[in-house]
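Chain by chain, the residues run as shown.
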Amino acid sequence: MADDVVTVARLEAWVRLFADLIAEHRGYLTELDSAIGDADHGINMDRGMQAVRAKLEAAPLGATDELFKLVGMTLVSSIGGASGPLYGTFFLRFGTACGPSVALSADDVVKAFRAGVEGLVARGRPELGDKTMYDSLHPALEALDAAVGVGMSTGEAFAAAWQAAIRGRDDTIPMVARKGRASYLGERSAGHQDPGATSAALLFEAAAGTFEN
Amino acid sequence: MADDVVTVARLEAWVRLFADLIAEHRGYLTELDSAIGDADHGINMDRGMQAVRAKLEAAPLGATDELFKLVGMTLVSSIGGASGPLYGTFFLRFGTACGPSVALSADDVVKAFRAGVEGLVARGRPELGDKTMYDSLHPALEALDAAVGVGMSTGEAFAAAWQAAIRGRDDTIPMVARKGRASYLGERSAGHQDPGATSAALLFEAAAGTFEN
Amino acid sequence: MKKLINDPTTVVTDALAGIAAAHPELRIDHERKVIYRADSPVAGKVGLISGGGSGHEPLHGGFVGVGMLDAACAGEVFTSPTPDQMHEATKLVDAGAGVLHIVKNYTGDVLNFEMAAEMAAEEAGVKVEAIVTNDDVAVEDSLYTAGRRGVGVTVLLEKICGAAAEAGADLASVAAIARKVNGWGRSMGMALTSCTVPAAGKPTFELAETEMEIGIGIHGEPGRHREPLGTAAEIAERLLDPIVRDLPYTRGDAVLAFVNGMGGTPLLELYVVFAEVARILDGHGITIERALVGPYITSLEMAGCSISLLKLDDELVRLWDAPVRTAALRWGV
Amino acid sequence: MKKLINDPTTVVTDALAGIAAAHPELRIDHERKVIYRADSPVAGKVGLISGGGSGHEPLHGGFVGVGMLDAACAGEVFTSPTPDQMHEATKLVDAGAGVLHIVKNYTGDVLNFEMAAEMAAEEAGVKVEAIVTNDDVAVEDSLYTAGRRGVGVTVLLEKICGAAAEAGADLASVAAIARKVNGWGRSMGMALTSCTVPAAGKPTFELAETEMEIGIGIHGEPGRHREPLGTAAEIAERLLDPIVRDLPYTRGDAVLAFVNGMGGTPLLELYVVFAEVARILDGHGITIERALVGPYITSLEMAGCSISLLKLDDELVRLWDAPVRTAALRWGV
Ligand SMILES: Nc1ncnc2c1ncn2[C@@H]1O[C@H](COP(=O)(O)OP(=O)(O)O)[C@@H](O)[C@H]1O
Ligand SMILES: Nc1ncnc2c1ncn2[C@@H]1O[C@H](COP(=O)(O)OP(=O)(O)O)[C@@H](O)[C@H]1O
Ligand SMILES: [Mg+2]
Ligand SMILES: [Mg+2]
Ligand SMILES: [Mg+2]
Ligand SMILES: [Mg+2]
């Protein structure tokens, strides 16, 4: 798939589809957060992605780094809560890694995702098994990397990443939270699916949806 | 019934029976007060009459004026709310009218009741139709007076007074309150039986019960 | 019934023990349920006492201290204290300059304070004047009824008269200021929920999820009307209109605007209401010179609010701003 | 959902409008949702800012003023404010002496304040120190978790550090006092009812008529344990025991005892709880040197309470007693 290029238009479409999926799952994400958190993850993410959508309407299409700086800054300045700095940092680092280009190779895309996840980890210091969005982002990233490595098309690669994200999301159910609000519940946090891992899976669902064919 | 004397022991028995009836109807009186007042008339009257009962255990039997001064002062200092000064004043004036004797004629009893009711009226300035205890006390007093006047036995006279008190109590149902808390409800107070008129009917039920045969 | 209590029958005495433990500057006669200033009687000063049923905290005990009340008598929940309590309080605070009884207009409160005043006059020979507050415009005023209830303006009156007494005004002057405040103040309240009298164990009335009670008092009684739940803006209009029309408050007036919480409504919502009050008064050309927002005269855990306006002149502003040091209102000292 | 609001999406901005109308001594940046002292920046003074989700009123906006905070940032209900808000506040209050960020230990608050500090350092070159409060003993402390929550002690810390800054202490000293207060303070809370986030529209959790939640935070989260409803005495024991054992507070210690209402619990009940706290501490030989009772750090209309203890020495007593003039805490001025 080396010849398989990812345009900035495609990437923006991915962000827009993510906003749609968040809006669609707003109540569900908040529901999950009310069980082990403070009942606002859907409200937070939707407020953030609506703001991103509004900014995108205004701004003309630029280079990839501009696009993701816009997305990241908007999330940071409109969400608040844990998910604001975490998703915000993810997109900011994603953009920096992309650089000013208007089209990326599949390998560049993997690098950008890795930079984004590393930024998020540097910010929140989650470890695997802490019952956070990282438990879904990490396996998804590795699956994407592997798929691209063996030459799959971006469509196939993101589909694989999405499946890995869903598995990671489901794996959070039995976990006892060690980070975020859910950690205050101790053992009571087990048996509930993590809201952030759920929204993270939507991020890859959006990618899979955008890049299929 | 001129020869029909009323001993202080009988009068104390009347007060004790009133205490029993109040305790028995505590919840009902409070229920009535919650519809058009502040849900405490049964609680108030029971607190007061329990205190009276305790005082009676302690104090040895004295003259009628001592008995009713004790009852009146105890109610005044233990009830609070509108019913405290009203029932308190009733018994205080009742006692003053009795004087230091240990036995009263039926006429003395009527005089004492009239003095008590007049004292209550001077205190609360109720008028007939205001939807208060006076709407039950007034007809009861007049019935008692008339019955004694035509020479009925105290038993028959108090039975007649009780029936009049009950009619007076029931007559408060359609009334729009002009005194007490219920007056704040305006038209909404109509259709509810007045709590104080209900406890006043119990006062005569106790007398009828004490003096029958 | 879910409450932080030990026993419905000991709520008031238990709370008094807590007040004693939290406020060493106050003295408490636990048997008579009287909260009074540790430095009572204050030489030469007119004594101010108030009291009423419990369940309205911080009213009245939270307003005992320098620049406000000398003593407060606590009755059972929503039940007036008894005359012997007010009589005791009157003797405790009388320094020879006389005592003002601040009474909210409820039959129970009025009758019990009346008997206390009679006792004080006979036995102790204390000069007692009484002011009966009746600021609640939800009730029509009339000679043939119990008349209007005393509600929010009572708080403002206790502060202002307390300042006058602290400054050395004599009994007649303090009583005159009390009548002026009562005459210039109006209030109205509403409820989102009922409340539960501990001894009764269940809510005084039931209210559907979509309803509110307009024109309530402070004893969990139902209000004058039951209406569909409105927005903060609609509710502020609904309460302010009768208030403004009643005095009336007119263009150019300066007022103290008081948004009071009924006990279960959080401050966040009270400020939302205050914003609407400010907007509406601005429309009338009435200036908010002073403001008070918070739960100061409550009905246990009832959710809801009341709005009070007090017309101000220089004298009242000066007395309102004067130093006060109580558990619930404090500034300048 | 029964609330005195206009629209769930405008609660915070509407309340800010109310705060502005009620408190002319405060300035408000309505766009950035920053409440700050009208006289900011105060020449030579270290700036103190805090902030967090709304729904905890009076925390933090009610604590802005002389002797306490210079500015407070309001987030959406139960959601941390965003870094640009704290960045703006930091610039507003910096007089060159640096700024202390008072952050309650929640991931959202910590991460957003961190980003704000980075911005301030880069762009504005402001010296920023941060104190992260974590006084909630309901949560075990651990390096591998988010750690303990910042709750009631945050209120005490804002007052005490505010007094130090007002007295001219430099940034390092104010931060040192902040660490001392956080180190000497412990808290635990419980709920009788849940609360409803306006935007969510229904209670965060359900609780039966006979149950209570022990070990709650301040965001309507469920607690550590669900237990049968206890008496005030049992609840006070249940909350105080872990607090006393944790520091530990020992015989001879002097403390500030703080009984906080969660928003829907009336003052009457808080005093009943305070009486039990005093009784229990007396049994431990711990002296209550100062007391605070009332709703100061709340969870919307949740019914319940939290108890905080702060060990006191002469320095902390002096700073606690120092004059403060804010909407919610005021004395000496
Ligand atoms: N330290 C952390 N590292 C990574 N993710 C985290 C961390 N803390 C919390 N999260 C994620 O954030 C989610 C909660 O986000 P949200 O509800 O929007 O914020 P808040 O907890 O401030 O209300 C959690 O479900 C979890 O996945
Ligand atoms: N002015 C009055 N004169 C006579 N009776 C009155 C008057 N006001 C109230 N009452 C009686 O008092 C009763 C209420 O008593 P209670 O509930 O114990 O006192 P409160 O109204 O103070 O709670 C009413 O039902 C009414 O019968
Ligand atoms: Mg959340
Ligand atoms: Mg009653
Ligand atoms: Mg009553
Ligand atoms: Mg949140």
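About the criteria used
Once a new chain begins, its residue numbering starts again from 1 and follows that chain's sequence as written. Here chains are named by letter from A upward and ligands by number from 1 upward, in the order in which they appear as written. Since the coordinates come from a predicted model, pLDDT governs what is reported: local features require at least 70, and pairs of side-chain atoms require 80 or more to be given and counted, while whole-chain, interface and lining totals use all residues. Only hydrogens and water are set aside when side-chain values are computed; all heavy atoms of the structure are taken into account. In this text, helices come from DSSP runs of H or I with a minimum length of four residues, and strands from runs of E with a minimum of two, each type numbered from the N-terminal end. Note on method: radius of gyration uses C-alpha positions; expected globular size equals 2.2 Å times residues raised to 0.38. The buried label goes to any residue with under 20% of its type's maximum accessible area, the exposed label to any with over 50%, and the partly exposed label to all in between, with areas taken from a 1.4 Å probe on protein chains only. A contact between two residues is defined here by any heavy atoms of the two lying within 4.5 Å. Only the protein chains shown count as cover for residues, with accessible areas throughout obtained via the Shrake-Rupley method and a probe of 1.4 Å. Charged residues are defined narrowly, with Lys and Arg counted positive, Asp and Glu counted negative, and His plus the chain ends left uncounted. For charged residues, the charge sits on one atom: NZ in Lys, CZ in Arg, CG in Asp, CD in Glu. Superposition of the copies was done by least squares, using only C-alpha atoms of residues whose pLDDT is at least 70 in both. A donor here means an N, O or S atom no more than 2.8 Å from the metal, or no more than 3.2 Å when the metal is Na, K or Ca. Since water is not included, a site may seem to lack partners. In this description, buried area is defined as the sum, over both parts, of the accessible area (probe of 1.4 Å) that is lost when the two are combined. For salt bridges, the criterion is a side-chain nitrogen of Lys or Arg within 4 Å of an Asp or Glu carboxyl oxygen. We call two N or O atoms a polar contact when they sit within 3.5 Å, provided that within protein one can donate a hydrogen and the other can accept it, with sequence-adjacent residues counted only if both atoms are side-chain atoms. Only heavy atoms are used to decide nearness, and a residue is near a molecule or strand if one of them lies within 4 Å of it. Lys, Arg, Asp and Glu make up the charged group, whereas Ala, Val, Leu, Ile, Met, Phe, Trp, Tyr, Cys and Pro make up the nonpolar group; the residues left over, Gly among them, are polar. Every axis corresponds to a line fitted to the C-alpha atoms, with the helix fit spanning only the stretch in contact, and the corresponding angles, defined between N-to-C directions, vary from 0 to 180 degrees. When an angle is under 35 degrees it counts as roughly parallel; over 145 it counts as roughly antiparallel; between 65 and 115 it counts as roughly perpendicular; any other value is oblique. Handedness of each helix crossing follows the sense of rotation of the near helix against the far helix: counterclockwise by less than a right angle gives left-handed, clockwise gives right-handed. Should DSSP find at least two bridges between two strands, the strands are taken to pair. Within a predicted model, pLDDT stands for the predictor's per-residue confidence, ranging from 0 to 100. Sulfur atoms of two cysteines make up a disulfide when they are within 2.5 Å.

Along the backbone of chain A there are nine helices and two strands. Taken against the 2.2 N^0.38 rule, which gives 17 Å for 213 residues, the C-alpha radius of gyration of chain A at 16 Å falls within 12% of a compact globule. Summarising its shape, the C-alpha atoms of chain A cover approximately 50 × 40 × 30 Å along the three principal directions. Burial status across chain A gives 59% buried among its 213 residues. Taking all contacts inside chain A whose residues are at least 6 apart in sequence as the whole, residues at least 24 apart take part in 71%. Split by element, the accessible area of chain A, about 7,600 Å² in all, is 57% carbon and sulfur. Of note, chain A has its 19 positive side-chain charges centred 7 Å away from the centre of its 28 negative side-chain charges.

On to the relation of the copies chain C and chain D, then. Turning chain C through 180° and shifting it by 0.0 Å along the axis lays it on chain D, with an RMSD of 0.0 Å. With respect to symmetry, the two chain copies, as superposed, fit the operation of a two-fold axis. Considering only C-alpha atoms, the part of chain C nearest the rotation axis is Gly264(C), at 2.0 Å. A share of 100% of interface residues in chain C that are also interface residues in chain D marks the association as one of identical surfaces.

A few words on the coordination of the magnesium ion (ligand 6). Around the magnesium ion (ligand 6), the protein contributes the donor atoms Asp38(A) (OD), Asp40(A) (OD) and Phe78(D) (O), at 2.1 to 2.6 Å from the metal centre. For the pair the magnesium ion (ligand 6) and the magnesium ion (ligand 3), the metal-to-metal distance amounts to 3.5 Å, and Asp38(A) bridges them. The exposure class of Asp40(A) is buried, given its relative accessible area of 6%.

Okay, the interface of chain C and chain D next. Each partner contributes to the interface: chain C provides 54 residues, whereas chain D provides 54 residues. Counting the surface lost from both chain C and chain D, the interface buries some 4,400 Å², and carbon and sulfur atoms represent 67% of this. Together, Lys2(C), Leu4(C) and Leu268(C) form the three largest contributors to the area buried by chain C at its contact with chain D, with a combined 22%. Our enumeration of links across chain C and chain D arrives at zero salt bridges. One can count 22 residue pairs in polar contact (both at pLDDT 80 or more) joining chain C with chain D. If you list the elements that add at least two residues to the side of chain C that touches chain D, you get α1 (11-22), α6 (232-246), α7 (267-284), β11 (287-294), β12 (304-311) and β14 (330-331) of chain C.

This part takes up the site of ligand 2. Around ligand 2 sit 21 residues in total, of which Asp38(B), Asp40(B), Ser83(B), Gly124(B) and Asp194(B) are the nearest. Chains contributing residues near ligand 2 are chains B and C. Here an oxygen atom of ligand 2 sits 2.6 Å away from a polar atom, N or O, in the side chain of Ser83(B). In the environment of ligand 2, an oxygen atom lies 3.3 Å from a nitrogen or oxygen atom belonging to the side chain of Arg181(B).

Take the arrangement of the chains next. In this assembly three pairs of chains touch, with chains C and D having more contacts than any other pair. For the non-touching pair chain A and chain B, the nearest C-alpha separation works out to 37 Å. Over all C-alpha pairs, chain A and chain C never come within contact, reaching a minimum spacing of 18 Å.

Let's shift gears to the interface of chain A and chain D. On the side of chain D, 37 residues touch chain A, which itself brings 32 residues to the contact. Note on chain A versus chain D: buried area summed over both sides is about 2,700 Å², and carbon and sulfur give 55% of it. Together, Arg123(A), Tyr184(A) and Arg188(A) form the three largest contributors to the area buried by chain A at its contact with chain D, with a combined 28%. Scanning the region where chain A abuts chain D turns up five salt bridges. Of the charged contacts in the structure, one is a salt bridge between Arg123(A) and Glu118(D), with a shortest N-O distance of 3.0 Å. Applying the counting rule to chain A against chain D returns 13 residue pairs in polar contact (both at pLDDT 80 or more). Elements with a minimum of two residues in the side of chain A that touches chain D: α2 (26-36), α3 (41-58), α4 (64-78), α5 (83-98) and α6 (106-124) of chain A. When grouped by side-chain class, the residues that make up the side of chain A that touches chain D number ten nonpolar, twelve polar and ten charged.

Around a metal, the idealised angle for a tetrahedral arrangement of four donor atoms is 109.5 degrees; for an octahedral arrangement of six donor atoms it is 90 or 180 degrees. Distances from the magnesium ion (ligand 3) to its protein donors, namely Asp33(A) (OD), Asp38(A) (OD) and Asp40(A) (OD), fall within the range 2.0 to 2.2 Å. Here the donor residues for the magnesium ion (ligand 3) map to a single chain with the spacing D-x4-D-x1-D.

Here we take up the packing of α5(A) against helix α9 (residues 195-211) of chain A. Residue and element names in this part refer to chain A. Running from N to C, α5 and α9 point in directions that differ by 30°, and their axes come no closer than 12 Å. Taken together, α5 and α9 sit at an angle that is classed as roughly parallel. The handedness of the crossing between α5 and α9 is right-handed. Between α5 and α9, the residues in contact are Tyr-87, Phe-90 and Phe-91 and Gly-196, Ser-199, Ala-200 and Leu-203, respectively.

Neighbouring ligand 1 are 21 residues, the closest being Asp40(A), Ala82(A), Ser83(A), Gly124(A) and Asp194(A). In this structure, ligand 1 sits where chains A and D come together, each supplying nearby residues. A distance of 3.0 Å separates an oxygen atom of ligand 1 from a polar atom in the side chain of His41(A). One of the backbone nitrogen or oxygen atoms of Ala82(A) is found 2.9 Å away from an oxygen atom of ligand 1. In isolation ligand 1 exposes 570 Å². Once the protein is present, 96% of that is buried. Only α3, α5 and α9 of chain A provide two or more residues apiece to the shell around ligand 1. The element contributing the most residues to the shell around ligand 1 is α9(A), with three residues. Its residues assigned to classes, the shell around ligand 1 shows six nonpolar, nine polar and six charged.

Residue and element names in this part refer to chain D. Tallied over the entire structure, the rule returns 70 salt bridges over all chains. Here Asp-321 ties to Arg-290 by a salt bridge, and the two come within 2.6 Å at their closest N and O atoms. Taken together, the positions of Asp-321 in helix α8 (residues 314-321) and Arg-290 in strand β11 (residues 287-294) put the pair 31 residues apart, joining distant regions of the chain.

Another point: the side chain of Asn105(D). Tracing the backbone through its elements, the reader meets Asn105(D) in the loop between β5 (99-104) and α3 (107-124). For Asn105(D), a relative accessible area of 12% translates into the label buried. With residues up to four places along the chain from it excluded, the contact list for Asn105(D) reads Tyr184(A), Val110(D), Val132(D), Thr133(D), Asn134(D), Ala146(D), Gly147(D), Arg148(D), Arg149(D) and Gly150(D).

Attention now goes to the sheet that holds strand β4 (residues 71-77) of chain C. Backbone hydrogen bonds hold the strands of a sheet together, and the pairing may be parallel or antiparallel. Residues and elements named next belong to chain C. The strand order β1-β2-β4-β3-β5-β6 describes an open sheet built from six strands, whose pairing is mixed. The open sheet has two free edges, formed respectively by β1 (26-29) and β6 (128-133), since each of these has just one partner strand. For this sheet, the mean inter-axis angle between neighbouring strands, taken without regard to orientation, is 20°. Here strand β3 (residues 47-54) pairs with β4 via five bridges, running parallel. By the bridge assignment, Ser-54 is partnered in β4 with Val-77.

Let us now look at the confidence of the model for chain C. Residues at a pLDDT of 70 or more form 100% of chain C, whose mean pLDDT is 96. Complex prediction metrics read pTM 0.95 and ipTM 0.93.

Below, the discussion takes up the state of the cysteines. Summed over the entire model, instances satisfying the criterion amount to zero disulfides over all chains. Not part of a disulfide, Cys195(D) finds its nearest cysteine sulfur in Cys305(D), a span of 15 Å.

What follows is about the sheet that holds strand β6 (residues 128-133) of chain D. Residue and element names in this part refer to chain D. Here six strands make up an open sheet; going across it, the order is β1-β2-β4-β3-β5-β6 and the pairing mixed. Edge positions in the open sheet fall to β1 (26-29) and β6, since each of these has one partner strand only. Each adjacent strand pair in this sheet contributes to an overall mean axis angle of 20°, direction not counted. In this sheet, strand β4 (residues 71-77) lies alongside strand β2 (residues 34-37) in antiparallel orientation, the contact comprising three bridges.

Topologically, Val93(D) is positioned in helix α2 (residues 83-93). Residues within four places of Val93(D) in sequence aside, it is in contact with Ser40(D), Pro41(D), Gly47(D), Ile49(D), Asp70(D), Ala71(D) and Val99(D).

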